[in-house]
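# Per-entry structural report
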Amino acid sequence: MMLAYMDRAAAGAATERDALELTVVAADAAECAAARDFGGLVSARPAAVVRPASADDVASAIRAAARTTLLTVAARGNGHSVAGQAMSEGGLVLDMRAGAASRRQQMKLVSSGGGAAFADVPGGALWEEVLHWAVSNHGLAPASWTDYLRLTVGGTLSNGGVSGQSFRYGPQVSNVAELEVVTGEGECRVCSPSAHPDLFFAVLGGLGQFGVITRARIPLSPAPQTVKWARVVYASFAEYAADAEWLVTRPAESAFDYVEGFAFVRSDDPVNGWPSVPIPAGARFDPSLLPAGEPGPLLYCLEVALYQHHHQQPDAVDERMGEMMRRLKYVRGLEYAADVGYVEFLSRVNRVEEEARRSGSWAAPHPWLNLFVSARDIADFDRAVLKGMLADGVDGPMLIYPMLKSKWDPNTSVALPEGEVFYLVALLRFCPGGRGRGAAVEELVAQNGAIVDACRSSGYDFKTYFPHYRTEADWARHFGSKWARFVDRKARYDPLAILAPGQKIFARTPSSRTDRS
């Protein structure tokens, strides 16, 4: 349909009409959905929501925006951003989940001459959809995942994509063979490490600043059959960190496939305390087994998994699992284990989502904070932040586990700490009903800011993950030596700064050009 767009981007500016040949969703419900995200912290109402059916539609929307003075474009996946990163105030929001059913049909298995297998998947596909399609139809799977699979392929590749597999297989941005990208100039390009490599690496971890990912080619390997999944408990952070770092630096032939962990409160609080640890359902935590000499407010859970493939003997996998576990210094008696299917293991967070939806906390604001903190500073961070500022918990998981910088390609746009071993620290707050609005949320956002300030003033080697800053100075400090490259790439691939305005990195360049096709 024809949309007459009223350019209101500059307050007090003269009204200007531009006719855009776009298929849009004009219903209030669709526009309001695009004005919010999972974080629930900000709202930015777009002028229209575009439902692209192809990369050409994405390119048409971006070229149309370029013909206006100040119109911007944001790509929205499953709406799981937390600080308005996928919003466009008064601009266009691309609903990358439009036509989800047909997008699943667009997934294709691609083989190389050397016998390697790949999945060609739309940027708007959920990783959950990729998992089920690849395993059910082909017995194959990507190696690297996120903990929560109801995120889009394009969304996680624009940020990093991390989980307990990252230490071994690398983040998701290190597990891509090819991308189809629509740049800020409305050009559709296929790029890879050998074809347009600068664009390829710019887009990976580029926060949506250089292009919209419309297709990704993901390497596949034989899917495991089952997973041996275990959790063990530590009273000492030093022992927890030493074991976790030992595990992630093991050679591949003697390593787990998955290593994660989290801090929890020394209490029976069902959200923050020890009831969050036991697996499978029905297992119980016995606090009498905790050592008396560790009176700190927090405990730590190390979570590991070993995959079993069809060709492997169960006894051999059990033996390897047992040998690895015997070397760890966890509290004996506080270990939990389960054998689960591969798809079930990767889908484990779905149960958390279902419970959160039942309780209403899924719809409440989520002032999350994600950090990468170097192993050099993680003990100080634990003392000052976790045991200090957050000793009572955060009404949600407090993930803390290590990964390796060498698994990340330095050509991508992701900003990382200097140290080879660094920890993901994810403070995933689920605001309970009584504290889910107004001043309480502002206090939690302020506390997040205080945590970042404490890291900075203490001289920690750290970076924010899913960064959100307001000033150029903060962004320049975030990217450090990569800032000049980031700015250069923006000028090259989105010179008018049309894309991803919700990140608040670059201001839209005014343009009255009408010669773009």
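Let us look at the structure shown here. (Residues numbered from 1 in each chain as written. Predicted model: local features only at pLDDT ≥ 70, side-chain atom pairs only at ≥ 80, totals over all residues. Heavy atoms only, no water.)

### Comments concerning the sheet that holds strand β18 (residues 398-404)
Strands pair in a sheet through their backbones, by hydrogen bonds, and they do so in one of two ways: parallel or antiparallel. One open sheet holds the eight strands; their spatial order is β16-β13-β15-β14-β18-β19-β17-β20, and the pairing between them is antiparallel. Two strands lie at the open edges of the sheet, namely β16 (335-341) and β20 (462-465), each paired on one side alone. Neighbour to neighbour, the strand axes of the sheet diverge by 20° on average, direction disregarded. Inspection of the sheet shows β18 paired to strand β19 (residues 421-427) by seven bridges, in the antiparallel sense. Residue pairing in the sheet places I400 in a bridge with V425 of β19. (Pairing = 2+ DSSP bridges. Helix = DSSP H or I, 4+ residues; strand = E, 2+ residues; numbered from the N terminus. Axes fitted to C-alpha atoms, helices over the stretch in contact; angles between N-to-C directions.)

### Description of the side chain of D243
One can find D243 in helix α8 (residues 237-248). K329 provides the closest opposite charge to the buried, unpaired D243, separated from it by 4.5 Å. In contact with D243, other than residues within four places in its own chain, are Y234, L302, R327, L328, K329 and Y330. (Buried < 20%, exposed > 50% of the residue type's maximum accessible area, 1.4 Å probe, protein only. Lys, Arg positive; Asp, Glu negative; His and termini not counted. Salt bridge = Lys/Arg side-chain N within 4 Å of Asp/Glu carboxyl O. Contact = heavy atoms within 4.5 Å.)

### Overview of the nonpolar core
Grouped together as the largest cluster of nonpolar side chains are 134 residues, with contacts concentrated most on L179, F285, L302, L371 and F381. Considering every element that reaches this core, the biggest residue donor is strand β15 (residues 298-308), with nine residues. When we break this core down by domain, the ones giving at least three residues each are domain 1 (100-222) and domain 2 (226-464). When sequence neighbours within four positions are dropped, the list of residues in contact with F381 reads L371, V373, L386, V425, I451, C455 and Y460. With 19 residues, the next largest nonpolar core counts V58, A61, L71 and L496 among its residues. (Core = buried A, V, L, I, M, F, W, Y, C linked by side-chain atoms within 4.5 Å. Domains from an automatic or database assignment.)

### Quick word on empty space enclosed by the protein
In total, this model carries one cavity of 30 Å³ or more according to the counting rule given. Mapped onto the lining of the largest cavity, the elements with two or more residues apiece are β20 and α14 (472-479). Partitioned by chemical class, the residues of the lining of the largest cavity number eight nonpolar, five polar and no charged. Formed jointly, the lining of the largest cavity draws a minimum of three residues from each of two domains, domain 1 (100-222) and domain 2 (226-464). (1 Å grid on protein atoms, 1.4 Å probe; cavity = no way out; pocket = protein on both sides within 12 Å on 5 of 7 lines; lining within 4 Å. Points joined across faces, edges and corners; volume = space filled by probe spheres on them. Nonpolar A, V, L, I, M, F, W, Y, C, P; charged D, E, K, R; others polar.)

### Section: the pairing of strand β10 (residues 178-183)
Burial within β10 is extensive, with six of its six residues counted as buried. Residues E178, E180 and V182 of β10 are buried on one face, and the alternating residues L179, V181 and T183, pointing to the opposite face, are buried as well. Bridging between β10 and strand β11 (residues 188-191) involves four bridges; their strand directions are antiparallel. Within β11, the residue paired with V182 across the bridge is C188. Connecting β10 to the antiparallel partner β11 that follows it, the hairpin turn spans four residues, and G186 within it adopts a positive phi of roughly 75°.

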